[in-house]
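# Residue-level structure breakdown
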Amino acid sequence: MSIILLLVVCRMQAQTLHVNASTGSDTANGKVETPIATLQRAVELAKTFKTGESVTIKVAPGLYTLRDQVVIDKRNTDEAWLTIEAATMPDDADWKPAQMPVIQSISANNNKTQFQHAVGFLIAADHVRIRGLKFIGNGNPEVQYYYPVSRKDSTLTGLDVSQCYFIGERNSAPIQGSIWAHGAGVHVDHCIFYGTKNALLLFAAIRDFSLKNSVIAGAYESAVWFGTFHEPFVFENNIVANSEYLWLRAEKTYPKYKFKNCLFTGMQHEMGYYGQNGAAPAEKNAHSEEHVGRSGKLLLSEVATNGLPRDYLNPLPNSAGKELNAGIFKK
């Protein structure tokens, strides 16, 4: 009996690796006093731990530049085996914007799946969580399509993205799609997508999907591209504003989505198709809505002469949709 208990305890053991772009070294062991310098090395070390051990990579404030895609490809059946998260999260009492780790790819095209493009984090394993990071666009002039978080394998499950920023600038550091993920169990909450061409691209084998308490502003193609899906489908307490399309789906399909407690405002179009001739408004739809508003203007807390406000890119107190609790903070 004691041997069985020991095996269970060992299997439940958790490991923590610390990363610090300023003070770390990739020859270090990742302990809090001897952090690793790069996310690439931290993920390599995480993959050396035994199957069944959950691993958390704690990311200190700083700028983390990716010169290639970071591949997370260890198969592990345990839920949430790998978590990559900020050392200080947005709801912590001492958090401020400068403490949010910034992830920027400067890579040339590094992935050939379907077409040449660049990826930041390539998720090739089940049960991965990403929390409290800020992703900005890829400024490499060789790159036309950049995806900060991508999962190509439609047999995978479990990808949670929480309290993250995805900020693109179409003229200098664009983001084609913030999260491009096939497969099951994609859960996104309390994220802000600002100025990205698309926020979510989800096409193949979609099931158990949720997007909650998030803001998508200024998507200049669509907030979401979505393929054939299976229940459950949760889209609640979100704000989508000032975007070309709210939603794009395959031609001649009429899925029964349900949008609940949302604000859609300042849209050029809402539901649309994407076919051989590009995007076009859908002539009919089968989705349902519950408490979805379309009046009012999204007002965001933005940088002004006094610098970066603590609540930047979150809805201001007088903004439409403020009551939805959409934004980077959970509390």
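Reading the values: the criteria
- Residues numbered from 1 in each chain as written.
- Predicted model: local features only at pLDDT ≥ 70, side-chain atom pairs only at ≥ 80, totals over all residues.
- Heavy atoms only, no water.
- Pairing = 2+ DSSP bridges.
- Helix = DSSP H or I, 4+ residues; strand = E, 2+ residues; numbered from the N terminus.
- Axes fitted to C-alpha atoms, helices over the stretch in contact; angles between N-to-C directions.
- Buried < 20%, exposed > 50% of the residue type's maximum accessible area, 1.4 Å probe, protein only.
- 1 Å grid on protein atoms, 1.4 Å probe; cavity = no way out; pocket = protein on both sides within 12 Å on 5 of 7 lines; lining within 4 Å.
- Points joined across faces, edges and corners; volume = space filled by probe spheres on them.
- Nonpolar A, V, L, I, M, F, W, Y, C, P; charged D, E, K, R; others polar.
- Contact = heavy atoms within 4.5 Å.
- Phe/Tyr/Trp six-rings, centres within 6.5 Å; stacked < 30°, edge-to-face > 60°.
- Lys NZ or Arg CZ within 6 Å of the ring centre and 35° of its normal.

## Overview of the sheet that holds strand β7 (residues 118–123)
Here 9 strands make up an open sheet; going across it, the order is β4-β7-β10-β13-β16-β19-β22-β24-β25 and the pairing mixed. Only two strands of the sheet have a single neighbouring strand rather than two, namely β4 (70–72) and β25 (278–281). In this sheet, adjacent strand axes meet at a mean angle of 20° when their direction is disregarded. For strand β10 (residues 146–151) and strand β13 (residues 177–181), the ladder comprises 3 bridges, and the chain directions are parallel. Counted as the bridge partner of Arg151 is Ala181 from β13.

## Some words on the pairing of β13
By the criterion of burial, β13 is predominantly enclosed, with 5 of the 5 residues buried. With 3 bridges connecting them, β13 and strand β16 (residues 198–202) associate as parallel partners. Considered in β16, the bridge of Gly177 is made with Asn198.

## Quick look at the layout of surface pockets
Taken as a whole, the largest pocket spans an internal volume of roughly 230 Å³. Along the wall of the largest pocket there are 13 residues; nearest its centre are Phe115, Tyr147, Gln176, Phe203 and Trp225. Its residues assigned to classes, the lining of the largest pocket shows 7 nonpolar, 4 polar and 2 charged. Taken as a whole, the second largest pocket spans an internal volume of roughly 150 Å³. Forming the walls of the second largest pocket are Glu79, Ala80, His127, Val128, Arg129, Thr157, Gly158, Leu159, Asp160, Gly185, His187 and Asp208. Those elements that provide at least two residues to the lining of the second largest pocket are β8 (128–131), β11 (157–162) and β14 (184–189). Per-element accounting of the lining of the second largest pocket gives the leading share, 4 residues, to β11. Split into classes, the residues belonging to the lining of the second largest pocket amount to 3 nonpolar, 5 polar and 4 charged.

## Examining the environment of Leu248
Mapped onto the fold, Leu248 is located in strand β22 (residues 245–250). Classification of Leu248 as buried rests on a relative accessible area of 2%. Leu248 sits 22 residues away from Phe226 along the chain, and the two C-alpha atoms are 6.3 Å apart. Other than its neighbours up to four places away in sequence, Leu248 contacts Glu221, Ser222, Val224, Trp225, Phe226, Gly272, Tyr273, Tyr274 and Ala279.

## Section: the packing of aromatic side chains
In the structure shown here, the tally under the stated rule is 29 aromatic pairs. A ring pair is formed by Phe135 and Phe166, whose centres lie 5.0 Å apart and whose planes are at 5°; its orientation type is stacked. Remark: Phe166 occurs in strand β12 (residues 165–167) and Phe135 occurs in strand β9 (residues 134–136); sequence separation between them is 31 residues. Judged by its relative accessible area of 0%, Phe166 is buried. Relative to Phe233, the ring of Phe229 has its centre 5.4 Å away and its plane inclined at 55°; by these criteria the two rings are tilted. With a relative accessible area of 16%, Phe229 lands in the buried category. One aromatic cluster in this structure is built from Phe209, Phe226, Phe229, Phe233, Phe235, Trp247, Tyr257, Phe259 and Phe264. Cation over ring: Lys152 sits above Tyr147, and NZ or CZ is 5.9 Å from the ring centre. Lying across the ring of Tyr254, Lys284 places its NZ or CZ 4.7 Å from the centre.

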